[in-house]
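For reference, the chains in residue letters:
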Amino acid sequence: MLSFSVSGNYTDLYELTMGETFFLEGRENDIACFDYFFRKVPDKGGYVVFAGLHDLLDVLKDLHFTDDDIHFLRQLEFHESFIDYLKNFRFSCDIYACREGEIIFPNCPIVRVEGNIIEAQLIETLLLNILNFESLIATKASRIKYVAGKSILSDFGLRRAQGLGGIMATKASIIGGFQSTSNVYAAQLYGLKAVGTMAHSFIESYDDELEAFRRFAKSRPHDCIFLVDTYDTLKSGVPNAIVVAKEMEERGHKAEGIRLDSGDLAYLSRIARNMLDEAGLYYMKIVVSNQLDEYVIKSLKEQQAPIDIFGIGTRLATGQPDAALDGVYKLSMAANKPRLKLSESLEKITLPGIKQVMRIIGKNEMFYGADVVALLEEEKGTARMFHPFDSEKSLDLKSFQQQPLLQKIMSKGKKLVSEPSLNEIADYVQKRLALLPIEYKRFENPHIYKIGISRKLMKLRDDLRHEYKTVRE
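Being a predicted model, the structure only gives us computed values, none of them experimental. (Residues numbered from 1 in each chain as written. Predicted model: local features only at pLDDT ≥ 70, side-chain atom pairs only at ≥ 80, totals over all residues. Heavy atoms only, no water.)

Undergrad: Sorry if this is basic, but what is going on with the overall build of the protein here?
TA: Across its full length, the protein holds 16 helices and 22 strands. Across its three principal axes, the protein shows a C-alpha extent of roughly 80 × 60 × 40 Å. Across the 473 residues that make up the protein, the buried fraction comes to 54%. Long-range contacts, defined as pairs at least 24 residues apart, comprise 75% of the intrachain contacts of the protein with a sequence gap of at least 6. With the model as given, the accessible surface of the protein reaches about 21800 Å², and the carbon-plus-sulfur share is 50%. Considering the protein, the positive charge centre built from 61 side chains and the negative charge centre built from 66 side chains are found 5 Å apart. (Helix = DSSP H or I, 4+ residues; strand = E, 2+ residues; numbered from the N terminus. Buried < 20%, exposed > 50% of the residue type's maximum accessible area, 1.4 Å probe, protein only. Contact = heavy atoms within 4.5 Å. Areas by Shrake-Rupley, 256 points an atom, 1.4 Å probe, with all protein chains shown as cover. Lys, Arg positive; Asp, Glu negative; His and termini not counted. Charge placed at Lys NZ, Arg CZ, Asp CG, Glu CD.)

What follows is the structure, given as structure tokens:
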């Protein structure tokens, strides 16, 4: 879906310095496996929406080092033989992943990369950069969608986004449930509905508000929305919008609506709705903006504010209050041996080996509230799942359906799956969220989705922990 190529140097320096060492030691054909997963749900929520997968695949299939890239790497004093290797670099690993739009949970592998250790290592930064950001924004958008119900949602976030991240933020917002965007470039790239109204500066540039509305209605009769809070919303803005809307009717046109961008949105929208209805302008919609997020919208809904369209900007495009999804990319196998990272914190000890994630399905095909991470040889199902760090806690799985989440989507650098449209991904998100019990979707103290491991994986991890500790001692 990305329409631009990415430089091979779009990475952190240590990815290249590690790759050079592997190469100089003759390890370029060593096979490795890396897992991508995240540790914490943003905003104390109950789930994350997986987004960015097809952007990643599109970049990887064309990833290479240009002449300019190579010239710069020479300045960093990389070994000439490694430089020659990078000249011919093409990504040729296998990738297994959850479907884009899947509902995912902490500490479960979401993407598995298998292939030669240099290639698998070099893509770490790129993978994290794309998947962490898009998943963060798609999750935020889905939370807003959850409380907004049937109201229309539009992304207004480009001007406050982190540079070109605003393009991906728009895409991720659509995946999460939004219907339109003010971002013209993203609309062009992804075939989205572009929407817009007017700024206060437009109105201020005229001698009076009524004249500004008339001029705008003349040039944009097919999508005319009046911004009514420049001077006085109820005494000036709405009355002037009504005058011009009635004039438009006489010319055979209909104004689309008004926008409120400040003040008590619940109160103003109720009064404005009454004024519009009394003028017979039942068809005009009320759009609101101004620092909206899922909590503000939830409050407006609880107050039964007659709002048709929510324009959400800063808090969506920047993923507030969390600046990032803490996704990580960890080695789980190298040179045909399972690997793990030890830590003083039990939660940061990684899971070794090549693994599959099984979603446990309960009654009525609903998610039971548990995923189990198992070794690949167990992907047809495991009889019992165990708490990752308390073997006394377990769950018998014999009576449950188990659904494997990781599917092969890239073979030797070639995509195996067709690219779905954003609407198809967004539909999948809503279908999967419908299978997640409501307790995991609430904003305050959501249920914690249980993540367990199989008996075989637990044994492998514990054996490696003992082996590594013995070596250290």
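Undergrad: What is the right way to read unusual backbone geometry from this model?
TA: A negative phi angle characterises most non-glycine residues, just as the trans form characterises most peptide bonds. Backbone torsion omega between Gln320 and Pro321 reads 5°, so that peptide bond is classified as cis. Of note in this structure, Glu77 is not a glycine but carries a positive phi near 65°. Structurally, the position occupied by Glu77 is in the loop between helix 3 (67-75) and helix 4 (80-87). Of note, Gln291 is a non-glycine position whose phi angle comes to about 55°, a positive value. One can find Gln291 in the loop between strand 11 (285-288) and helix 13 (294-302). Exposure remark for Gln291: the relative accessible area of 38% places this residue in the partly exposed category.

Undergrad: Got a minute to help me understand the sheet that holds strand 21 (residues 414-415) in this structure?
TA: Paired through their backbone hydrogen bonds, the strands of a sheet run either parallel or antiparallel. The strand order across the open sheet built from 7 strands is 14-13-1-5-3-20-21, with neighbouring strands paired in antiparallel fashion. Whereas interior strands pair on both sides, the edge strands pair on one side only; in this sheet they are strand 14 (337-338) and strand 21. Sheet topology note: the strand 20 (residues 407-411)/strand 21 ladder contains 2 bridges and is antiparallel. The residue bridging Met410 from the neighbouring strand is Lys415, located in strand 21. (Pairing = 2+ DSSP bridges.)

Undergrad: Please clarify how the packing of aromatic side chains should be interpreted in this entry.
TA: The way to describe two aromatic rings as a pair is by their centre distance and the angle between their planes. Under the counting rule described, the total for this entry stands at 13 aromatic pairs. Ring plane angle 55° and centroid distance 4.4 Å describe the contact between Tyr368 and Phe400, whose orientation is recorded as tilted. Placement of the pair is Tyr368 in strand 16 (residues 367-375) and Phe400 in the loop between strand 18 (390-396) and strand 19 (401-404), with a sequence separation of 32 residues. Grouping aromatic residues by their ring pairs yields a cluster made of Phe23, Phe78, Phe82 and Tyr85. Here Arg99 stacks its cationic end above the ring of Tyr428, 3.8 Å away from the centre of that ring. (Phe/Tyr/Trp six-rings, centres within 6.5 Å; stacked < 30°, edge-to-face > 60°. Lys NZ or Arg CZ within 6 Å of the ring centre and 35° of its normal.)

Undergrad: Is there a simple way to think about the nonpolar core in this case?
TA: When a protein is soluble and globular, its nonpolar side chains tend to lie buried together. Membership of the largest hydrophobic core comes to 136 residues, with the highest contact counts inside it found for Val111, Val113, Leu127 and Phe226. What Leu127 contacts, discounting residues up to four positions off in sequence, is Tyr36, Leu56, Val111, Val113, Asn132 and Tyr329. Core analysis: the next-biggest nonpolar cluster, separate from the first, contains 6 residues, Ile360, Ala370, Met385 and Leu397 among them. (Core = buried A, V, L, I, M, F, W, Y, C linked by side-chain atoms within 4.5 Å.)

Undergrad: How should empty space enclosed by the protein be read in this particular structure?
TA: Rolled over the atoms, a probe sized like a water molecule indicates the empty space that remains. This structure, assessed with the given rule, holds 3 cavities of 30 Å³ or more. Its boundaries defined by the atoms lining it, the largest cavity holds a volume of some 80 Å³. Every residue lining the largest cavity is listed: Ser7, Gly8, Tyr10, Thr11, Leu63, Phe65, Phe89, Leu122, Ile123 and Leu126. A class-by-class count of the residues in the lining of the largest cavity yields 7 nonpolar, 3 polar and no charged. Residue lining of the second largest cavity: Pro42, Asp43, Leu136, Thr139, Lys140, Arg143, Gly319, Gln320, Pro321 and Asp322, and that is the complete set. Within the lining of the second largest cavity, the residues separate by chemical class into 3 nonpolar, 3 polar and 4 charged. (1 Å grid on protein atoms, 1.4 Å probe; cavity = no way out; pocket = protein on both sides within 12 Å on 5 of 7 lines; lining within 4 Å. Points joined across faces, edges and corners; volume = space filled by probe spheres on them. Nonpolar A, V, L, I, M, F, W, Y, C, P; charged D, E, K, R; others polar.)

Undergrad: Would you mind going over the sheet that holds strand 8 (residues 193-194) with me for this structure?
TA: Ordered in space as 8-7-6-12-11-10-9, the 7 strands form an open sheet in which the pairing is parallel. Sheet topology places strand 8 and strand 9 (225-227) at the edges, where each strand pairs with a single neighbour. Two strands pair when backbone bridges link them, and strand 9 and strand 10 (residues 257-260) are joined in this way by 3 bridges, in the parallel orientation. Across the sheet, Phe226 pairs through a bridge with Ile258, a residue of strand 10. Running over the sheet, helix 12 (residues 265-278) touches strand 10 and strand 11 and is turned about 160° from strand 11. (Axes fitted to C-alpha atoms, helices over the stretch in contact; angles between N-to-C directions.)

Undergrad: Can you help me understand helix 13 in this one?
TA: Since one α-helical turn is 3.6 residues long, residues separated by three or four positions face the same way. Within the sequence span of helix 13, burial applies to Glu294, Ile297 and Leu300. Seen from one end, helix 13 has its buried residues packed into an arc of 125°, which puts them on one side. Elements that come into contact with the buried residues of helix 13 comprise helix 6 (124-148), helix 12 and strand 12 (309-312). In this structure Asp293 caps helix 13, since a side-chain oxygen of it lies 3.0 Å from the backbone nitrogen of Tyr295. Looking at the residues trailing helix 13, positive phi occurs at Gln304, about 55°. (Arc of directions from axis to C-beta. Polar contact = N/O pair within 3.5 Å; in protein donor to acceptor, adjacent residues only side chain to side chain.)

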